[in-house]
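# Observations on the model geometry
Below, each chain spelled out in residue letters.
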Amino acid sequence: MFKYILKRLVMSVFILLGVSMIIYFLIRLMPVDFIQDKINAINQGGATVSEETVNAMYEMYGLGDNSFLGILKGYFSWLGALATFDLGTSFVYGIPVADVIFEHMGISFAIALIATVFEFLIAIPLGITAATHQYSFRDYLVTVLVMIGISLPSFFFGQMLKDVLALKLGWFPASGLVNATASFTGIELLLDYVRHMFIPILTIVILSIGARMRMTRTNMLEVMNSDYIRTARAKGLSEKVVINKHAFRNTLIPLVTSLAGLLPSLFSGAIITEQVFDLPGIGNIALDAMNRGDIPFIMGYNMFLALLSVIGVLLADLMYGIVDPRVKLE
Amino acid sequence: MAKNKNYLSGKEIRAIAKENAKVMKRLEAEKYRKADESEYLTEMRDSKNILEIDKLHTYFFTEQGVVKAVNGVSFDIPKNATVGVAGESGCGKSVTSMSVMRLLQGPTGQIYSGEIRFNAKEKSGEEKVYDIAKMPIRDIHKIRGNQIAMIFQEPMTSLNPVFTIGQQLDEVTFIHNPDASKEQAKEKSIEMLNLVGIAMPERVYNSFPHELSGGMRQRVMISMALASDPRLIIADEPTTALDVTIQAQILDLLRDLKTKIDGSIMLITHDLGIIAEMADYVVVMYAGRVIEKGTVDEIFHNPMHPYTIGLQKSKPTLNSDSDTLFNIPGNVPNPINMPDYCYFKERCAQCTKKCSGEYPEMIQVSPTHFVACHLYDEGQNDD
Amino acid sequence: MEELTNKETVEEVKDTEVPLDKSVKLMSPTRMVVRRFFRSKLSILGLIMVIGLFVFSFAGPLVYTRWGEIELDESGKTEYSVTETTYTVNGEEYTLRQTTEKTLKDNFLAPPSAEHILGTDNEGYDIFVRLMYGGRISLIVSFIAVFLITLLGVIMGGISGFFGGAIDNIIMRICDILICLPGVPILLIISTILDASEIDAKYRIYLLMIYLTFISWPGTARLVRGQILSLREQEYMVAAEAMGYSTPRKIFKHLVPNVMPQLIVQMSLSLGSMILYEATLSYLNLGVKAPYAAWGTMINIISTNQDILQNHLNVWVPAGICIVIAVLGFNFIGDGLRDALDPKARR
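About the cut-offs
Residues numbered from 1 in each chain as written. Chains lettered and ligands numbered in written order. Predicted model: local features only at pLDDT ≥ 70, side-chain atom pairs only at ≥ 80, totals over all residues. Heavy atoms only, no water. Helix = DSSP H or I, 4+ residues; strand = E, 2+ residues; numbered from the N terminus. Expected span 1.5 Å × (residues − 1). Bend = angle between axes of the 7 residues up to and from the residue. Buried < 20%, exposed > 50% of the residue type's maximum accessible area, 1.4 Å probe, protein only. Contact = heavy atoms within 4.5 Å. Phe/Tyr/Trp six-rings, centres within 6.5 Å; stacked < 30°, edge-to-face > 60°. Salt bridge = Lys/Arg side-chain N within 4 Å of Asp/Glu carboxyl O. Buried area = accessible area lost by both parts, 1.4 Å probe. Nonpolar A, V, L, I, M, F, W, Y, C, P; charged D, E, K, R; others polar.

### A look at helix H3 (residues 41-63) of chain C
Between its terminal C-alpha atoms H3(C) stretches 30 Å, which fits the 33 Å expected from 23 residues at 1.5 Å a residue. Of all the bends in H3(C), the largest measures some 35 degrees and sits at C:Ser57, one to four residues before the proline C:Pro61. Residues of H3(C) that are buried include every one of C:Leu42, C:Ser43, C:Gly46, C:Met49, C:Val50, C:Leu53, C:Phe56, C:Ser57, C:Gly60 and C:Pro61, and no others. Against the buried residues of H3(C) lie helix H6 (137-151) of chain A together with helix H2 (29-39), helix H4 (127-163), helix H11 (295-300) and helix H13 (313-341) of chain C.

Encoded structure:
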């Protein structure tokens, strides 16, 4: 077990190296004067990127030398800085990239966590009903509804909800995280957060239920056709116990595994949803950085995402070994 | 689309689908209906029997047509007897047992008609006769598990992989006796594991199925079937998946158990050797029909149907003087749209003109021996 | 003697009748798949939706030629603005209403009319016509991307499963790396690069989708590789090898029918997700850029203009509906195909 984890960790490091190389080379494909333009624009916009910061970044990224060796040298100097946990300084914010990420991660995490909880709470019962009533009207209805959910573009659906629930009906605020004109404290502040986050979370939940529900349904169908379910029925167990105990426990295996895989992505932020509702989450910040050519931040953010997905794969595997008694990790 | 005479046309396919949907809907509704007990209470024809299967028709409504997997099967299982059901794979023996347990995979698999009368003994000691074929599925718990238990062919996959053996065994006790304490259930489970000859019941109790060998798992399956004190055990090819030495052990076990539980066994197998060893009565099935039935002596010493004779000839024996195994030529016919003549006709070496006529009736040759073959028609003319 | 006569009877009978196991009519495999597919009403609906969109996007502009994709309605528009001023003269209130008439060159944000079926957008382009051209882009782009992804995936997966050993190891590690690449952010970077390189707005989306294929093939590759490996394990493959048949030929002969169904299903499902990708990029103003039309681009305007979001639904809602129809259609088809091609299907 320990050996297995160690082996996987070593492999993860190599994967991350590969990922970082690709991202770094992609970024270096941008012409330097283009970057200079962007920095000038940032400076004109009021924010200040001191000459020193820019120079330090140039140094760190080895920008300017676009020969292959130059890029390679730049990559290693970036890697060297990374080894000391230095992701560089953001052009836009003028503070270390890691700080920017941690500062905005919380809000994204809160939204994603609540949305994921609701997603599982709604999708699993739906998937089970659809499977146990395969080909019935109920199955078709659930399938059609969740398929529509999968097919909705997040920006379109988000804007529609915003238009109807916030602008037309006025039930919820349209954007942002707090009411700027009021200064709430304590429980009122919390309620204000809830009101602001309601539509974004609703959007994410509706869009993501579909995939989870179909996963549950497929697994459940497979389990329901297995020999041990026949045994359970032959024992004289009621259909309810057969489904809720024997079948469900087996369906849970891939679901819990996928949950572990999801854990890291909770931190990565929903770019589009955050953009639509103008939430100061990490995704929205990253989108903004990308538009403004904030290279240190883009690089840091992408590495952060890659790290999360490597951890996700590893966690999912480990979880599999815990939930399924048949699996021994070696 | 390929023009092939043997392929169905689009029109035919639609007609089949329409007809199937109609019948399936009716049968499903019947299956899930709420019914008063009086609707399916009935009387045994012979009170010495524990199970009487009467003209059972079990069909599968596939998109290729109706597969008549069990097509008018009738036989009895007397109290305290072992009845062996023999036949090639695909002859409908397993489907018959699934029909008795009402475990057919809906909505395609349905009992179409016929009666399955079962003599159930309530906890109070009162005897009731149920027609299982007419029972709504919600009442099936009255017999499934506690009156009739089943042992399946695939011990490797028949146990739930995520629960320990103990959890799965205790469950049976709890169904039977919901007030039992955890300790009582465990005690009973360990007792059952002991009964089936498991050496370290405590350890097996706490293991997961994948930690046990196939033979061990089958023992666990048997102990699970026993835990509810059933009146009838259906063993569907209980030894097929196991190797020969284990087979013998499991069979010994089953034989011992019959005397211990004072019940009956319906033993389904394609292996005539097992039947000769275990059974009191034999039912031979072919393509969804019973073609011959009788006591084990009658079937083995005086087989009458050409198919039964062929089956016995094809059994390998050590002291045979021939080097090659006998085999019955041809294949089991596809059970869709069966014509109304003896299904064995084309593989039969003793076929007569009469065989092209309608399907042969069951002919009684002795009080217990029946055969369905035109060779034994009364007033058979000798031309 | 007895037996001999009997055998003759058998021959006689067989001549006149079709043997029992041949008399049974079966369903041809193709017909079975077709039948299973069309039995589901959802697959039929999906097919109608997709075909409808194809006709709308490709035949539409040929039939309805009133406006072009980037043809402004320059019929002009008169905008009235009213200013109210309140004066108090001798304790009495007077309200002065001043109406300013402004004549603008383009007829923008026109409501739906006979002239403009769905009205015009904030620039003065005809929305209905732009929906058609947007559909062309979305459909073409996603078909190209899916085709390329499948091609690359089959080749890489084929090489990997086929040669095994070090080559397999290298390709699979590349897959691991690519799968860990964050999708949307990477596309954002690539889009920024394209911005800098000043490529014609019309072609940048194609380039973008080609980049997308470079990071999206691992899924297909793993599928194909897995299929080849499991084929290698099959006993008949070992038998074929023992008899001296060349393994490569055998593998490819068996691979195609084994992997095709899964590939087809995967392709139709990824067509839906490619359309979503394209729309999202265009919405972020990173894909197809103005003045060219794409469904995503047509929705982009509402992220900055709340007046249109609230009061001019005809500008953005139709594009969103088109995206949903396209994605849903491909998803329905993919789902129907999966059920139809599943050998384990119960009904």
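On we go from here.
### Let's talk about the packing of aromatic side chains
All names here are of chain C. Here the structure, examined in full by the defined rule, presents 15 aromatic pairs over all chains. Relative to Phe 58, the ring of Phe 54 has its centre 5.6 Å away and its plane inclined at 15 degrees; by these criteria the two rings are stacked. Residue Phe 54 and its partner Phe 58 are located together in helix H3, separated by 4 residues, close to a single helical turn. Judged by relative accessible area, Phe 54 falls into the partly exposed class, the value being 28%.

### Section: the pattern of salt bridges
Enumeration according to the criterion identifies 30 salt bridges over all chains in this entry. The closest approach of N and O atoms between A:Arg212 and A:Glu119, which form a salt bridge, is 2.8 Å. In this pair, A:Arg212 is assigned in helix H8 (residues 186-224) and A:Glu119 in helix H5 (residues 97-132), connecting sequence segments 93 residues apart. A:Lys235 is paired through a salt bridge with B:Glu171; the nearest N and O atoms lie 2.7 Å apart. One end of the pair, A:Lys235, is in the loop between helix H9 (227-234) and helix H10 (239-262); the other, B:Glu171, is in helix H3 (residues 165-176), on a second chain. Three or more residues are tied together by salt bridges with common partners; here these are B:Glu52, B:Asp54, B:Glu115 and B:Arg117.

### Some words on the interface of chain A and chain C
On the side of chain C, 45 residues touch chain A, which itself brings 48 residues to the contact. Taken together, the two surfaces of chain A and chain C that pack against each other cover about 4200 Å², and 75% of this comes from carbon and sulfur. Inspection of the region where chain A meets chain C yields 1 salt bridge. C:Asp335 is the partner of A:Arg214 in a salt bridge, and the nearest nitrogen-oxygen pair spans 2.4 Å. Going through the elements one at a time, helix H1 (2-28), H6, helix H7 (154-168), H8, helix H11 (271-276), helix H12 (282-292) and helix H13 (295-323) of chain A are the ones with two or more residues in the side of chain A that touches chain C. Here the side of chain A that touches chain C is composed, by residue class, of 34 nonpolar, 10 polar and 4 charged.

The analysis is restricted to geometry; functional conclusions fall outside its scope.
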